[in-house]
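Working through the structure, step by step
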Amino acid sequence: MWSVLIGIQKKNRKQRRLRFKTSSRNTEGPKMYTTLMSELGLRETTNVIWNSNASCCDWVYKLVMLIYRMNVNVVRSFRACGMRSTVGLMFALMLFSFILRLKNDQAGMQNRIGLLFQIVNGPTYFGIMNAVDLFPTLRDLFYRESMDGLYHPALFVLSYFLHVIPFTFFTSLLFGGLGYWGVGFYPDVVRSLYFTAVFFILMIQGETVAVMLLGLISDPVLANGVISLIMSMSITVGSGFIRNFQALHPIFELLSYGSMHRYASSCLSANEFWRTQPNVQ
């Protein structure tokens, strides 16, 4: 869909550019025309620089510049930087304020199951929240720049996720530090790393689905509703916390294998309860 839109936009751009060149030559003279075209970056050499058949070095340069620009825009916005960097910390503080410290009795086991469900549920929506709030602005900028043929859509999507990964990794570490050790899950360094990795993957998965749908749906509010509905179905059917897999209808059980939450809940449950001896009366 993006390729069709970009093709139409490039065609319209060529027509406008031809009319601009003709009017500039007829009215301003060659010197003024050359100066104006140079200031606007519409010199003939730009067609070679931003050609789709450019060398690998040009593609790497464009990728680095796109990532740098996205990082600068996020750092300049206190709200955007706070959303991307501290959402995991805020979630961990919320869980800590309700549970304080897990115990190894029956109530502690029930609290663990509830916490695991929230941890499977929360990161996906954090990724969706970040994408719905921050991606539409970058998407609109991409549409405008694609009219000039500056870069390929795949390069834009790749640069966006390379820009997102460091922030997601940082907030996952914050959540893993406080959410795992502060609340009192099984005290093991390797298990805490698995715990943090699952949180990181779920956030990336939620943001990936949101970016895909925002590329198809221009309205962020409508896209947010569709994404939330899809994720709610995935969590309900695939997590296994609400309904046991053996009790599901065969069709829903088959669909659950395509849900990331099925594997995330299995990993977190095995990570917490493997070789654990609860003191249950």
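The model shown is predicted, which means the values in this text are computed figures rather than measured ones.

Structural notes on the overall build of the protein
In terms of regular secondary structure, the protein is built from 11 helices and zero strands. Moving toward the C terminus, one meets the helices and strands of the protein in the order α-α-α-α-α-α-α-α-α-α-α. Buried positions account for 41% of the 281 residues belonging to the protein. Sequence separation of 24 or more characterises 75% of the internal contacts of the protein that already satisfy a separation of 6 or more. Entry remark: accessible area of the protein is about 15900 Å², with carbon and sulfur atoms responsible for 67%.

Focus: the packing of aromatic side chains
Per the counting criterion, the structure on display carries 15 aromatic pairs. Ring plane angle 70° and centroid distance 6.0 Å describe the contact between F117 and F241, whose orientation is recorded as edge-to-face. On the criterion of sequence distance, the pair formed by F117 in helix 6 (residues 106-146) and F241 in the loop between helix 9 (220-238) and helix 10 (250-256) is long-range, its members being 124 residues apart. Of the aromatic side chains, those joined through ring pairs into one cluster are F91, F126, F175, Y180, W181, F185, F195 and F199. One Lys or Arg, R191, reaches over the ring of Y186 and ends 3.8 Å from the middle of that ring.

Concerning the pattern of salt bridges
Counted under the stated rule, the structure contains five salt bridges. Where E207 meets R84, a salt bridge forms, and the shortest distance between an N and an O atom there is 2.9 Å. With E207 in helix 8 (residues 189-216) and R84 in helix 5 (residues 78-99), this residue pair connects regions lying 123 residues apart in the sequence. Accessibility expressed as a relative area gives 2% for R84, which makes it buried. The shortest N-O distance in the salt bridge between D140 and R139 comes to 3.6 Å. You can call R139 buried: its relative accessible area is 4%.

Focus: the layout of surface pockets
Volume-wise, the second largest pocket comes out at about 270 Å³. Forming the boundary of the second largest pocket are 13 residues, of which I230, M233, S234, L255 and S259 lie nearest the centre. Secondary-structure elements contributing two or more residues to the lining of the second largest pocket are helix 9 and helix 10. Looking at the lining of the second largest pocket element by element, the count peaks at six residues for helix 9. Residues of the lining of the second largest pocket, tallied by class, amount to seven nonpolar, six polar and no charged.

Observations concerning the packing of helix 6 against helix 8
Running from N to C, helix 6 and helix 8 cross one another at 40°; their axes reach a closest spacing of 7 Å. In terms of orientation, helix 6 and helix 8 fall into the oblique class. In this structure, helix 6 meets helix 8 at a crossing whose hand is right-handed. Here the contact of helix 6 with helix 8 is composed, by residue class, of 17 nonpolar, six polar and two charged.

Some words on the environment of G184
Looking at the element boundaries, G184 is found in the loop between helix 7 (153-182) and helix 8. G184 gets classed as buried once you look at its relative accessible area, which sits at 11%. The spatial distance from the C-alpha of G184 to the C-alpha of I99 is 9.5 Å, given a sequence separation of 85 residues. Beyond its immediate stretch of four places on either side in the chain, G184 contacts R101, L102 and R112.

What counts as what
- Residues numbered from 1 in each chain as written.
- Predicted model: local features only at pLDDT ≥ 70, side-chain atom pairs only at ≥ 80, totals over all residues.
- Heavy atoms only, no water.
- Helix = DSSP H or I, 4+ residues; strand = E, 2+ residues; numbered from the N terminus.
- Buried < 20%, exposed > 50% of the residue type's maximum accessible area, 1.4 Å probe, protein only.
- Contact = heavy atoms within 4.5 Å.
- Areas by Shrake-Rupley, 256 points an atom, 1.4 Å probe, with all protein chains shown as cover.
- Phe/Tyr/Trp six-rings, centres within 6.5 Å; stacked < 30°, edge-to-face > 60°.
- Lys NZ or Arg CZ within 6 Å of the ring centre and 35° of its normal.
- Salt bridge = Lys/Arg side-chain N within 4 Å of Asp/Glu carboxyl O.
- 1 Å grid on protein atoms, 1.4 Å probe; cavity = no way out; pocket = protein on both sides within 12 Å on 5 of 7 lines; lining within 4 Å.
- Points joined across faces, edges and corners; volume = space filled by probe spheres on them.
- Nonpolar A, V, L, I, M, F, W, Y, C, P; charged D, E, K, R; others polar.
- Axes fitted to C-alpha atoms, helices over the stretch in contact; angles between N-to-C directions.
- Parallel < 35°, antiparallel > 145°, perpendicular 65-115°, else oblique.
- Left-handed = near helix turned anticlockwise from the far one by under 90°.

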